[in-house]
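An overview of the molecular structure
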Amino acid sequence: MKPSHIAFAAVTLCLGSATFAAETIKIGALLPLTGGSSPLGLAVRDGQRLAVAHINARGGVLGRNLELVELNDESKPENAAQNMKALLAKGVVACSCGVNTGVVLAYQPVMQAAKLPNIVPASAGTKLTKAFQNAPEGNYTFRVQASDTLQAQMMVDYAVKKGYKKIALLHDTTPYGMGGHDDMVKQLLTHDVKAVSEASFKIGDTDMSAQLAKAKEAGAQVLLVYGIGTEQGHIATTGAKLGLNLPIIGSWANATDSFINVAGAHAEGAISPQTFVEGANSASGREFEAAYRAEYKRPRITNPTAAAGGHDSILLLAAAIRQANSTDGPKIKAALEKLSTPVPGAIATYKMPFSDDDHEGVNLSSALMAIWKKGAIVRAPL
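Source: prediction; values computed, not measured. (Residues numbered from 1 in each chain as written. Predicted model: local features only at pLDDT ≥ 70, side-chain atom pairs only at ≥ 80, totals over all residues. Heavy atoms only, no water.)

Considering the packing of aromatic side chains
- Applying the stated criterion across every chain, the model contains 6 aromatic pairs.
- A centroid spacing of 5.1 Å and a plane angle of 55 degrees characterise the contact between tyrosine 176 and tyrosine 226, whose relative ring orientation is tilted. Highlighted residues: tyrosine 176 in helix 6 (residues 175-190) and tyrosine 226 in strand 8 (residues 222-226), separated in sequence by 50 residues.
- The exposure class assigned to tyrosine 176 is buried, which follows from its relative accessible area of 9%.
- Both rings, one in phenylalanine 276 and one in phenylalanine 288, keep their centres 5.3 Å apart while their planes meet at 80 degrees; by these two values the pair is edge-to-face. Linking phenylalanine 276 in the loop between strand 10 (271-274) and helix 10 (283-296) with phenylalanine 288 in helix 10, this pair joins segments that are 12 residues apart in sequence. Each member of the pair, phenylalanine 276 together with phenylalanine 288, is buried.
- These aromatic residues form a ring-pair network of at least three members: Phe276, Phe288, Tyr292 and Tyr296.
- Note that lysine 333 overlies the ring of tyrosine 140, its terminal NZ or CZ placed 5.6 Å from the centroid. (Phe/Tyr/Trp six-rings, centres within 6.5 Å; stacked < 30°, edge-to-face > 60°. Helix = DSSP H or I, 4+ residues; strand = E, 2+ residues; numbered from the N terminus. Buried < 20%, exposed > 50% of the residue type's maximum accessible area, 1.4 Å probe, protein only. Lys NZ or Arg CZ within 6 Å of the ring centre and 35° of its normal.)

This is the structure we're talking about:
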């Protein structure tokens, strides 16, 4: 071989090695970036991007940078399976995906077949981490959001503790709303309480007069509402128009901008279970807040629980990939189930957050009740 050819081959090899070294580890982010649930999807993405920047600034994982592969699911279950296949085609090794329960349920079989680990940052449907619990290949769905079961427990317990005897239940007709309703009914039974009225509403409904009239006629003292933020906002405004002034304890979407943008001043005093609010007690929580303010220049964190869930899901995936020393799906899953090193996140410092048979990363110790006060979401009084 001529010297010039040898030199060319050496350069080619070096360039090839540099290209290989620069390959990113791709994490899928299938979220609603447009449409009614987009405030939550965009908030999750805010948190994800902060975590990726934080990790990459410190050398990445296994000597490689993380890369978010973002895709808009438009909150459409009918497109979910195809969207997940599109992410797989782009080479993702794990995912931080999920805002709408119905969408996640629709693409879960694709993820399972591909053995693709997913840490759900926002979807709360209880069944998500249970659907494949007994699958022979193992369960590839994890979560860092308060499940519907946990939220329902917190909502009902808070109402009972506050002395409300006559409780009205309202929920939307999506899988999310119906699952939350069922969980609230079960939790009421633990207190030997039965709701004085129950009513449902559809996504897009703006006039909740019929549902609220039913609650009023039953003598309700408080409304427990399971639905996304927009419809919860219309419940608040309709109640004000009718002069009901019933306290609202809503599911976690109550703390989103889609709620306050509709409810306006009538949001004041609305309560909900959350995993994160500003004014964190932990150093890692305060670090997340500082990074958020520095990056996004906003007066407050938009949809804080969603942003924190997006952030922490990336940190946990990075920890699992590092521990597994691999981007192989089954090895990442196994590492998530046996994380050996604590992971300081916005929501909590995760110490063995998952196990073989429990993929819920949030429990009562890492959740809180929050309240709208003067246009901000803060810790609710006990």
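Considerations on helix 5 (residues 148-161)
- Compared with the 20 Å implied by 1.5 Å per residue over 14 residues, the 19 Å span of helix 5 between its first and last C-alpha is a close match.
- Restricting attention to buried positions, one finds in helix 5 the residues Asp148, Leu150, Gln151, Ala152, Met154, Met155, Val156, Tyr158 and Ala159. (Expected span 1.5 Å × (residues − 1).)

A short note on the confidence of the model for the chain
- This prediction gives the chain a mean pLDDT of 93; 94% of its residues lie at or above 70.
- The low-confidence segment residues 1-21 (pLDDT under 50) makes 3 contacts with residues lying over four places distant or belonging to another chain. (pLDDT = per-residue confidence, 0-100. Contact = heavy atoms within 4.5 Å.)

So, the pattern of salt bridges
- Taken as a whole and assessed by the stated rule, the structure comprises 10 salt bridges.
- Of the charged contacts, one joins arginine 49 and glutamate 70 as a salt bridge, the two residues approaching to 2.9 Å between their closest N and O atoms. Here arginine 49 is found in helix 2 (residues 38-57), whereas its partner glutamate 70 is found in strand 2 (residues 66-72), with 21 residues between them in sequence.
- Under the relative-accessibility criterion, arginine 49 is labelled partly exposed at 37%.
- Classification of glutamate 70 by relative accessible area gives partly exposed; the value is 30%.
- In this structure, lysine 338 and aspartate 356 form a salt bridge, with 2.9 Å as the shortest nitrogen-oxygen distance. In this pair, lysine 338 is assigned in the loop between helix 12 (329-336) and strand 11 (343-344) and aspartate 356 in the loop between strand 12 (349-350) and strand 13 (368-373), connecting sequence segments 18 residues apart.
- By relative accessible area, aspartate 356 is classed as partly exposed at 48%.
- Beyond isolated ion pairs, a larger network of salt bridges with shared partners links Arg45, Arg49 and Glu70. (Salt bridge = Lys/Arg side-chain N within 4 Å of Asp/Glu carboxyl O.)

What about the pairing of strand 1 (residues 25-31)?
- Among the 7 residues in strand 1, 6 count as buried, and that is most of the element.
- Looking at chain direction, strand 1 and strand 2 are connected through 7 bridges and run parallel. Paired with alanine 29 across the two strands is glutamate 70, which belongs to strand 2.
- Note that the unit made of strand 1, helix 2 and strand 2 has a crossover that is right-handed.
- Bridge analysis of strand 1 against strand 3 (residues 94-95) gives 2 bridges, and the strand direction is parallel. (Pairing = 2+ DSSP bridges. Right-handed = clockwise from strand over helix to strand, strands pointing away.)

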